[in-house]
Amino acid sequence: MIGSLCSCIANAQDNYEIQVYGADTVAPKTTMLELHSNFTADGTKPLPGSKYAADRLYPTNHAEHETVEITQGINNWSEVGFYIFTSARNGDGWQWVGDHIRPRVRVPDSWHWPLGVSLSTEVGYQGRQFSTDTWTWEIRPIVDKTRGRWYFAVNPALERSFHGQTVNQGVGFSPNAKVSFDFNKCISGGLEYYADYGSLRGFESLHNQQQQFFPAVDLNVSPNWEINFGVGVGPTAATDHLIVKGIVGRRFDWTHHRAGSSGSIQ
Amino acid sequence: MNRREFIAKSAAAAALGAPFSAKHNLWAQASADVHLEIAPLKLEIAPGKHVETIACNGQVPGPLIRWPEGNPITIDVVNRTNIPEIVHWHGLWIPSDQDGAMEEGSPMIAPGTQQRYQFTPQPSGLRWYHTHTTAGHDLKRGLYTGQFGCFYIEPKDERGAYDQEIFLTLHDWNAYMGAATDASMDASYDYSTINDRMLGHGAPIQVKQNQRVVFRIVNASATVTHWLGLAGHEMTVVAMDGNPVPIPASITALRVAPAERADLVVKMTNPGVWILGETRDDIRKAGMGIVIEYAGCQGEPKWIDPPEVLWSYRPFAHPESVTVQPDHQVPLLFESKFRGHGDFDYWTINGKSYPETDTVML
């Protein structure tokens, strides 16, 4: 998820990549290509007499955000992801929003840890009309566990602005979490949680925090595909109130080995 | 195993296979032909790299049992571990109470006790022995350990169309399950070995130009299907699972599943120092390989990726189809029930899971 700034302070648009990370990384010699499509059905609206919402940001209401995420596996414990954020809204056309880069490392399997653990860091730029903070940095610990039909993931992310409205606010706390249940081999469903509590120096009131709950479905149709759908409700004032999200990802194995062959690990 | 080790083990095996005599009629009183002692072992698979395991007679693989076809054998097995154990004689046609499979009536060997097995090994060919205990969720037990060895039953008409015979066992060590994702349902391993050493850390197999070498290979891994290639050479499959194949055929890479065996003949026509090893880089780098060294050749062992192969048994089969009507047909419907991406599937045969499965009556 891109570096959302404390919404209560900056009212940043962080609904470009809405995803709770799992601890696994993309395999070496493999590229994951994902398209994140998020439509804000009920978001921020223009101020009277202006095309902008508060803080001279583009409104999110009825905005379609398309994000391309390209992740390259480096080895069996690291990867690098790259994001291209775009936004389309009636009257504004389709606009480039910004880019982020996200290196990630994980605890190798050979360490035999009982939980999946990885650490992601993300840095990048968003245009001023889409975020009151343009250059941001995030560090995201990731812990997950699959047990029977249940899957748990927690991402207690920390964020920092380097240029923009909240640059003096210090580090913000933006935890994400996910719980899902395997209904069958192909369909899993659960709840995803995204929040931005504000600066670690002092959390905002609940009213001013960003809080989103996404009932979501994952379709496990193939090891090479990743499909996720969800509808998010934001009950607090600082949150877009209704978002529909979808993720479609395709894994490309560049080793050209056929499954089951003498060169394949499958 | 290198040539010196092979000669040493063959000598021991020859002793095991001493001429059959009347004393075999006094099994109950006489000493056994073979003694196996199951005990914990700290095995060094590379300098300074050890695995804690259980093995037979303090070695991995256990001693080669080489025995003439048709001759009775007596084997005493002592269990020096603190858990019940059992030894299964894999691929042999022997009574179920001697077969070493507890599911079929062979008794477990209690800790600190001894069990005597008596049978006439048949059919001839490459068989093997291994523990038959169930590991369950304990990846330090059962076939995850080093409790296995080769059992070669010499055919009465052994032609010996080879100059050197090498027994190789494949094994993967320190199994563990990952923390998350579907991949965690496959055991992963820290190390792999051929016989008891990781690639580059054992004595090389010494060969001479134009020698015909037979490699008798057992995949003793608990879960991993292995692919083997011999850089710079082709291999001819002459037997699978110990049984001669109808049509020996040349291959560039061998696929061998857990418990599967293959006898390969290689004519040594490419002098150098080569690697016989896993075709997949990650497993070979984890140790699954052994160096083949021609007489008079030195240098770094070379690995060459063989052409990618999709395995088929068809090249070794009679080209014409054979239709044989069975005496009985026993329908067995294997099904699995999904229990979550974080658990193993629940498997059933005809709707029942072992040990509740129905006994097949013939």
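**Section: the overall build of chain A**
- Along the backbone of chain A there are one helix and 13 strands.
- Shown N-terminal to C-terminal, the secondary structure of chain A runs as helices and strands in the order α-β-β-β-β-β-β-β-β-β-β-β-β-β.
- Compactness check: chain A gives a C-alpha radius of gyration of 19 Å against a globular reference of 18 Å for 266 residues, within 12% of the reference.
- Looking at chain A residue by residue over its 266 residues, the buried ones come to 41%.
- Contacts spanning at least 24 positions in sequence make up 58% of the contacts within chain A whose residues lie at least 6 apart.

**Let's talk about the nonpolar core**
- In this structure, C150, F151, L168, F215, I217, L254 and L264 of chain B are the most contacted members of the largest nonpolar core, which totals 75 residues.
- Built from parts of two domains, this core gets at least three residues from each of domain 1 (3–154) and domain 2 (164–316) of chain B.
- The contacts of L264 of chain B, once residues within four sequence positions are left out, are V214, F215, I217, M235, T236, V237 and L254 of chain B.
- Judged by nonpolar contacts, the second largest core, of seven residues, contains A23, V143, Y151 and A153 of chain A.

**Some details on the sheet that holds strand 6 (residues 114–119) of chain B**
Residue and element names in this part refer to chain B.
- Taking strand neighbours across the sheet as the criterion, the four strands line up as 2-1-4-6 in an open arrangement whose pairing is mixed. Strands at the two margins of the open sheet, each flanked by one partner only, are strand 2 (49–56) and strand 6. Adjacent strand axes in the sheet meet at a mean angle of 30 degrees, parallel and antiparallel pairs treated alike.
- In this structure, strand 1 (residues 34–46) lies alongside strand 2, joined through eight bridges in antiparallel fashion. Directly across from A39, in strand 2, lies its bridge partner A55.

**Focus on the pairing of strand 15 (residues 243–251) of chain B**
- Bridge count between strand 14 (residues 235–240) of chain B and strand 15 of chain B: five bridges; the pairing is antiparallel. In the sheet register, M240 of chain B faces strand 15 of chain B, and the bridge partner there is N243 of chain B.

**Structural notes on the interface of chain A and chain B**
- Taken residue by residue, the interface counts 27 residues in chain A and 23 residues in chain B.
- By residue number, the principal contributor to the side of chain A that touches chain B is strand 6 (residues 133–147) of chain A, which donates four residues.
- For the side of chain A that touches chain B, the residue count by class is six nonpolar, twelve polar and nine charged.

**Looking at the sheet that holds strand 8 (residues 148–154) of chain B**
All names here are of chain B.
- Across the sheet, which stays open at both edges, the four strands sit in the order 3-8-7-5 with mixed pairing between neighbours. Both outer strands of the open sheet, strand 3 (62–68) and strand 5 (87–90), are each paired with one neighbouring strand and no more. Between one strand and the next, the sheet's axes are offset by a mean angle of 20 degrees, whatever the strand orientation.
- In this structure, strand 5 lies alongside strand 7 (residues 125–131), joined through four bridges in antiparallel fashion. Residue H88 lies in a different strand from strand 7, and its bridge partner there is H130.

**With respect to the domain arrangement of chain B**
- For chain B, the assigned domains are domain 1 (3–154), domain 2 (164–316) and domain 3 (326–362).
- Each of domain 2 of chain B and domain 3 of chain B has a C-alpha centre, and these two points are 33 Å apart.

**Let's talk about the confidence of the model for chain A**
- Averaged over chain A, the pLDDT score is 91; the fraction of residues at 70 or greater is 95%.
- Overall, residues 1–13 of chain A carries pLDDT values under 50, and its contacts beyond four positions in sequence, including any with other chains, amount to 74 contacts.

The rules we used
Residues numbered from 1 in each chain as written. Chains lettered and ligands numbered in written order. Predicted model: local features only at pLDDT ≥ 70, side-chain atom pairs only at ≥ 80, totals over all residues. Helix = DSSP H or I, 4+ residues; strand = E, 2+ residues; numbered from the N terminus. Rg over C-alpha atoms; globule rule 2.2 N^0.38 Å. Buried ≥ 20, exposed ≤ 12 C-beta atoms within 10 Å, placed from the backbone. Contact = placed C-beta atoms within 7 Å. Core = buried A, V, L, I, M, F, W, Y, C linked by C-beta atoms within 7 Å. Domains from an automatic or database assignment. Pairing = 2+ DSSP bridges. Axes fitted to C-alpha atoms, helices over the stretch in contact; angles between N-to-C directions. Nonpolar A, V, L, I, M, F, W, Y, C, P; charged D, E, K, R; others polar. pLDDT = per-residue confidence, 0-100.

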